[in-house]
Amino acid sequence: MAEVIQSQKILEVLKKHIAEYKPSAEFEEVGAVIETGDGIARITGLPNAMYNEMLAFPNDVFGIALNLEQDEIGCVLLDSMTSVEEGAEVRTTGRIMEVPVGEALIGRVVNSLGKPLDGKGPIDTKTFRPVEQLAPGVIDRQHVSEPLQTGLKSIDSMIPIGRGQRELIIGDRQTGKSAIAIDTIINQKGKDVICIYAAIGQKASTIAQVVERLSAAGAMDYTIIVNAPASDPASLVYLAPFAACAMGEEFMYAGKHVLVVYDDLSKHATAYRQLSLLLRRPPGREAYPGDIFYLHSRLLERASKLSDELGSGSLTALPVIETQAGDVSAYIPTNVISITDGQIYLEPDLFYAGVRPAVNVGISVSRVGGDAQTKAMKKVAGTLRIDLASYRSLEAFAQFGSDLDKATQAQLARGARMVELLKQPQYSPLSMEEQVMVIFAGANGYLDDVAVEQVLPFETAYLDFMKLTHPDVAKTVAKENDISDKTKAALEESVIEFKKSWEGTGAA
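Residues numbered from 1 in each chain as written. Predicted model: local features only at pLDDT ≥ 70, side-chain atom pairs only at ≥ 80, totals over all residues. Heavy atoms only, no water.

## Quick look at the pairing of strand β15 (residues 342–346)
And step 1. The buried count for β15 comes to five of five residues, which makes it a mostly enclosed element.
And step 2. Residues Gly342, Ile344 and Leu346 of β15 are buried on one face, and the alternating residues Gln343 and Tyr345, pointing to the opposite face, are buried as well.
And step 3. As paired strands, strand β10 (residues 168–171) and β15 are joined by four bridges and run parallel to one another. Paired with Ile170 across the bridge in β15 is Tyr345.
And step 4. Relative to strand β16 (residues 365–366), β15 runs antiparallel, the two sharing two bridges. Pairing of Gln343 across the sheet is with Val365, part of β16. (Buried < 20%, exposed > 50% of the residue type's maximum accessible area, 1.4 Å probe, protein only. Helix = DSSP H or I, 4+ residues; strand = E, 2+ residues; numbered from the N terminus. Pairing = 2+ DSSP bridges.)

## Notes on the packing of aromatic side chains
And step 1. In the structure shown here, the tally under the stated rule is eleven aromatic pairs.
And step 2. Centroid distance Phe458 to Phe498: 5.0 Å. Interplanar angle 75°. Geometry classified as edge-to-face. In this pair, Phe458 sits in helix α14 (residues 455–469) while Phe498 sits in helix α16 (residues 485–504), placing the two residues 40 residues apart along the sequence. Of the two residues, Phe458 and Phe498, neither departs from the other in class, the shared state being buried.
And step 3. Judged by centre distance (5.5 Å) and plane angle (80°), the rings of Phe458 and Trp502 are edge-to-face. Taken together, the residues span a long stretch of sequence, with Phe458 in helix α14 and Trp502 in helix α16 at a distance of 44 residues. (Phe/Tyr/Trp six-rings, centres within 6.5 Å; stacked < 30°, edge-to-face > 60°.)

## Things to note about the confidence of the model for the protein
And step 1. Here the protein averages 92 in pLDDT, while 96% of its residues score no lower than 70.
And step 2. Across residues 504–508 the pLDDT falls below 50, and counting only partners more than four positions away or on other chains, this stretch makes four contacts in the model. (pLDDT = per-residue confidence, 0-100. Contact = heavy atoms within 4.5 Å.)

## Points about the pairing of strand β13 (residues 257–263)
Look at any regular strand and the pattern is simple: side chains alternate between the two faces of the sheet.
And step 1. Counting buried residues in β13 gives seven out of seven residues, a clear majority hidden from the surface.
And step 2. Here β13 shows no split at all, with His257, Leu259, Val261 and Asp263 on one side and Val258, Val260 and Tyr262 on the other all buried.
And step 3. For strand β11 (residues 193–200) and β13, the ladder comprises seven bridges, and the chain directions are parallel. Bridge assignment links Ala198 to a residue of β13, and that residue is Tyr262.
And step 4. Across six bridges, β13 lies against strand β14 (residues 314–322) in parallel orientation. Considered in β14, the bridge of Val260 is made with Ala317.

## Some points on the sheet that holds strand β6 (residues 89–96)
And step 1. Reading around the circumference, β1-β2-β5-β4-β3-β6 is the order of the six strands in this closed barrel, with antiparallel pairing throughout. For this sheet, the mean inter-axis angle between neighbouring strands, taken without regard to orientation, is 45°.
And step 2. Note: strand β4 (residues 61–68) against strand β5 (residues 73–77), five bridges, orientation antiparallel. Bridging across to β5, Ile64 finds its partner in Val76. (Axes fitted to C-alpha atoms, helices over the stretch in contact; angles between N-to-C directions.)

## Notes on the sheet that holds strand β8 (residues 109–110)
And step 1. Read across the open sheet, the eight strands follow the order β8-β12-β11-β13-β14-β10-β15-β16; overall the sheet is mixed. Looking at strand neighbours, the two that pair on one side only are β8 and β16, the edges of this open sheet.
And step 2. Both β10 and β14 contribute to a ladder of three bridges, which runs parallel. Within β14, the position partnered with Gly171 by the bridge is Glu322.
And step 3. Helix-sheet contacts for helix α5 (residues 234–252) involve β8, β11, β12 (223–228), β13 and β14, and the interaxial angle to β11 is about 175°.

## With respect to α14
Note that an α-helix has 3.6 residues per turn; residues three or four places apart therefore point the same way.
And step 1. With 15 residues, α14 should reach 21 Å at 1.5 Å per residue; the first-to-last C-alpha distance of 21 Å fits that figure.
And step 2. Listed as buried for α14 are Val455, Phe458, Glu459, Tyr462, Leu463, Phe465 and Met466. What you see down the axis of α14 is that its buried residues fit within an arc of 160°, all on one side. Looking at α14, the residues exposed on the side facing more than 90 degrees away from the buried face are Lys467 and Leu468. (Expected span 1.5 Å × (residues − 1). Arc of directions from axis to C-beta.)

## Section: helix α15 (residues 471–480)
And step 1. Every buried residue of α15 is accounted for by Val473, Ala474 and Val477. Viewed end-on, α15 has its buried residues packed into an arc of 95°, placing them on one side of the element. Of the residues in α15, the exposed ones pointing more than 90 degrees away from the buried face are Lys475 and Lys479.
And step 2. The positive-phi residue at the C-terminal boundary of α15 is Asn481, with phi of around 55°.

## Observations regarding the packing of helix α13 (residues 432–443) against α14
And step 1. Taken N-terminus to C-terminus, the directions of α13 and α14 make an angle of 120°; their axes are 11 Å apart at the nearest point. Taken together, the axes of α13 and α14 are oblique relative to one another. In this structure, the crossing between α13 and α14 has a hand that is right-handed. Of the residues in α14, those touching α13 at Glu434, Met437 and Val438 are Glu459, Tyr462, Leu463, Met466 and Lys467.
And step 2. Along the lines of polarity and charge, the residues of the contact of α13 with α14 split into five nonpolar, no polar and three charged. (Parallel < 35°, antiparallel > 145°, perpendicular 65-115°, else oblique. Left-handed = near helix turned anticlockwise from the far one by under 90°. Nonpolar A, V, L, I, M, F, W, Y, C, P; charged D, E, K, R; others polar.)

## Some remarks on a nonpolar patch on the surface
And step 1. Together, Ile10, Leu14 and Ile18 give the surface a local cluster of nonpolar side chains, amounting to about 310 Å² of exposed area.
And step 2. Relative to the helices and strands, Leu14 resides in helix α1 (residues 2–20).
And step 3. Taking the relative accessible area as the measure of exposure, Leu14 reaches 47% and is therefore partly exposed. (Patch = residues over 30% accessible without salt bridge, like charges linked within 9 Å, V, L, I, M, F, W, Y side chains within 5 Å. Areas by Shrake-Rupley, 256 points an atom, 1.4 Å probe, with all protein chains shown as cover. Salt bridge = Lys/Arg side-chain N within 4 Å of Asp/Glu carboxyl O.)

In structure tokens, the structure reads:
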């Protein structure tokens, strides 16, 4: 009897399961590798694969679908090419290439895939963003008007950068391009700006020095470093700036301010050329593919100042380009110059002459201009650019003639002192109010009787004097972002007062 009851229960359970059963099918696309080599795999059998989709190979190797052809796919491997063999199975993942983003990345050194390289353990974030994303449209943006201070007198006074701007740093190798970018990152301390430094195709030892320098300055507390060294595959070098931009966009759309440095896009273009040639895309000028302009334009256009409705966040881009023998008319430099909102050109001759930062004021320009400057800086540095340009032309003219009138001699003397005043040691950015006080003294002739070699010691001593005896002047300039008649009078009095003690020591 017990057996009959047991069988009835089993029968009821089976009937219930049959009634509730809903048939389903799992659809999985599987392709095969038909050719592999040089970090590229050619795949057949994935007709629904998407552009930039991650494809899964055996042994946890992934690749990105970059060429979608009629019969096959050109895939760039994100790992060693030796781990993928011909005939290996390939599966679609349904995921466009993405990287981890969020607060957990701040203070870390990661690779182009967001994996940690600093030995500080895993990164605790569950938020991801695609590396490629459409740039904000015209309606989603607002005018760039908020200054992003670099801390460098020559840039903040004559080539101002605004939050949401794209300002190119261009020059030959070893002229101080990275130094400007690192100084700018250091200067963001306490300014509520998150910095991202994308090191593209650089030596690992160079990046180690950058990390050490930023750590010493306390800048790693608000900085992410995306490192794709020269030893990485070209695919990771190609991804690095896009990954850095995606990480920055997460903060920008949260209403925060972000600074992203792409150092440098010349090496990025070279990596993309390598991938394109291996994918058998038709080469164009200098063997670069036809879409090399679009590569950088779709990256840099993502820098913007968002509208108030979207939170007023901003992403400022400082791309770096290396020129060969000062040739700014080469293919990649002209491309990026045409995309950006201005450029800071560093000249080797100035660098070797000891003018550092070696900014060529004639070629350098900011297309945002005075809109990204405080009123205080506008007032003291309004004619500085023109004065320096006049000085350069007079200096060339003065080499051919000995008899110069007093006005010309005075202009040459002041120009020489202003050039000296705009020199600045590396890793020592100045606040806006300190720059204003120093440039005020030079532009108003208070340094005309100071020996040229004493200008920088004068500046250091004067700033120390102001901190000790007139701290309220700097506070007023910082608070008002302007120079009222009262503040101007206080600056004039303080410079005169300081010069008496400076001259009294016999140092002048």
